[in-house]
Amino acid sequence: MKAVFHHNDTIFLEEVKVPNVKIGEILVEMNSCGICGSDLEKVFGRYSKPSTQLGHEPSGTIIKIGRNVSKFKVGDRVFVHHHVPCYSCHFCLHDSETMCQRYEKSNIYPCGLSEIFLVPSWNVDNGGIIKIPDKMTFDQAAMIEPLACCIRTWKKFAYDDTYSIIIFGAGATGLMHVMLAQYNKIKKITCVDINEFRLTFAKKLGVKTINYNDKKMKEKILDDYSNGGVDIIIIATSNQNVVSDAIELVRKGGKIILFGVPPQDIMINVNISKIYSKEISIITSYAASDHDTKDAFNLINSAKINIDKLITHRYHISNSAIALKHAKTGKNAIKIMITK
């Protein structure tokens, strides 16, 4: 079987032996896997958690099961979450499941961007696999993981339909945050990006947009929002210069959410006195638990979130290098999927 890896900015397909299936494990044939911003940061940037493995948004079909697996069978169509926490440690018991030491030790092998991958028994036994109905496409199932990450973010702060929100970054997850804001009845939503294709896409979702390069960007936002700024700002981009902008634009007592993956060891200068005097809350959100993936599954399965419209391109796994380079440019693209 073939799997996608990278080294020194080079993306390559490597022939990997099909893993043996041990007790409690499951072997899945990948049907669809999304390209994530963290994949791009691993290949082209300086990801804070270095790895040669790519792809953590896979869906597929079970082709083999190990002994003692009773909840699944060969032929089941599934979404697979690459990490599963323990739910018993201090972190898990205090709503910090993605900080659990067990969380990142339970990875699929060799990766999601692989023709076939192995799901460890821990993931099988602890909610890391969700059967998907026939009506759900593999592409939709592959979108469960990124939507789950966004859902986890929304669990970290209070809001109601009177709140205003600005989302910096109109890529796939930025637009998922738009969809969640609309689902939660928030009426005043603005997207900020430098990519005109993505801004046009956001407009089609019915939200206001502003190009980040507009010299009057801050002025236009502050003129448009009462109470001296925005209630909530979600930073769904790796451009950490946006943090300083957000401090200027968020209202007193407002919240800034750090969602986009930053480069490793990135440092920024911020006005701490302004954060203090404005009582700004800065909240980070990393990854998702299987509770979040179940919530994402339900929203997609019930069609309450129309995730399909975000998928703009599909590439065969043999063209993964081209797909990843395309995703890096963002040219006329929102979500790019890899298929078998």
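Residues numbered from 1 in each chain as written. Predicted model: local features only at pLDDT ≥ 70, side-chain atom pairs only at ≥ 80, totals over all residues. Heavy atoms only, no water.

Visitor: So what's going on with helix α11 (residues 290-301)? Residues and values would help.
Guide: Between its first and last C-alpha, α11 extends 16 Å over 12 residues, near the 16 Å set by a 1.5 Å rise per residue. For α11, the set of buried residues is D290, D292, T293, A296, F297, L299 and I300. The elements touched by buried residues of α11 are β5 (77-80), β7 (129-131), α4 (138-142), α5 (144-154) and α6 (172-183). Looking one or two residues beyond α11, the residue adopting positive phi is A303, at roughly 65°. (Helix = DSSP H or I, 4+ residues; strand = E, 2+ residues; numbered from the N terminus. Expected span 1.5 Å × (residues − 1). Buried < 20%, exposed > 50% of the residue type's maximum accessible area, 1.4 Å probe, protein only. Contact = heavy atoms within 4.5 Å.)

Visitor: A description of helix α12 (residues 320-329) should follow, citing residues and the corresponding values.
Guide: Turn by turn, an α-helix covers 3.6 residues, leaving residues three or four places apart pointing in a common direction. Within α12, the full set of buried residues consists of S320, A323, L324, H326 and A327. Considered in projection along α12, the buried side chains sweep an arc of 160° and stay on one side of the axis. Residues of α12 that are exposed and point more than 90 degrees away from the buried face comprise K328 and T329. On its buried face, α12 sits against β1 (2-7), β2 (10-15), α1 (37-44), β14 (311-316) and β15 (335-339). Looking at the residues trailing α12, positive phi occurs at G330, about 70°. (Arc of directions from axis to C-beta.)

Visitor: Let's hear about the nonpolar core: which residues, and what values?
Guide: Formed by 51 residues in total, the largest nonpolar core has its most connected members in L147, I165, L175 and L310. Within the residue set of this core, elements represented by two or more residues are α4, α5, β8 (164-168), α6, β9 (188-193), α7 (196-204), β11 (230-235) and α11. Excluding its chain neighbours within four sequence positions, the residues that come into contact with L310 are M143, A172, L175, M176, M179, F201, I334 and K335. The next biggest cluster of nonpolar side chains, apart from the first, holds 37 residues, and it includes L27, L40, V80 and A327. (Core = buried A, V, L, I, M, F, W, Y, C linked by side-chain atoms within 4.5 Å.)

Visitor: So what's going on with the pattern of salt bridges? Which residues, and what values?
Guide: For the structure on display, the rule yields 18 salt bridges. Residue K340 is joined to E29 by a salt bridge in which the shortest nitrogen-to-oxygen separation is 3.8 Å. Residue K340 is located in the segment after β15, and its partner E29 is located in strand β3 (residues 26-34); the two are separated by 311 residues in the primary sequence. Judged by relative accessible area, K340 falls into the partly exposed class, the value being 47%. (Salt bridge = Lys/Arg side-chain N within 4 Å of Asp/Glu carboxyl O.)

The quantities given are spatial measurements derived from coordinates; they are silent on function.
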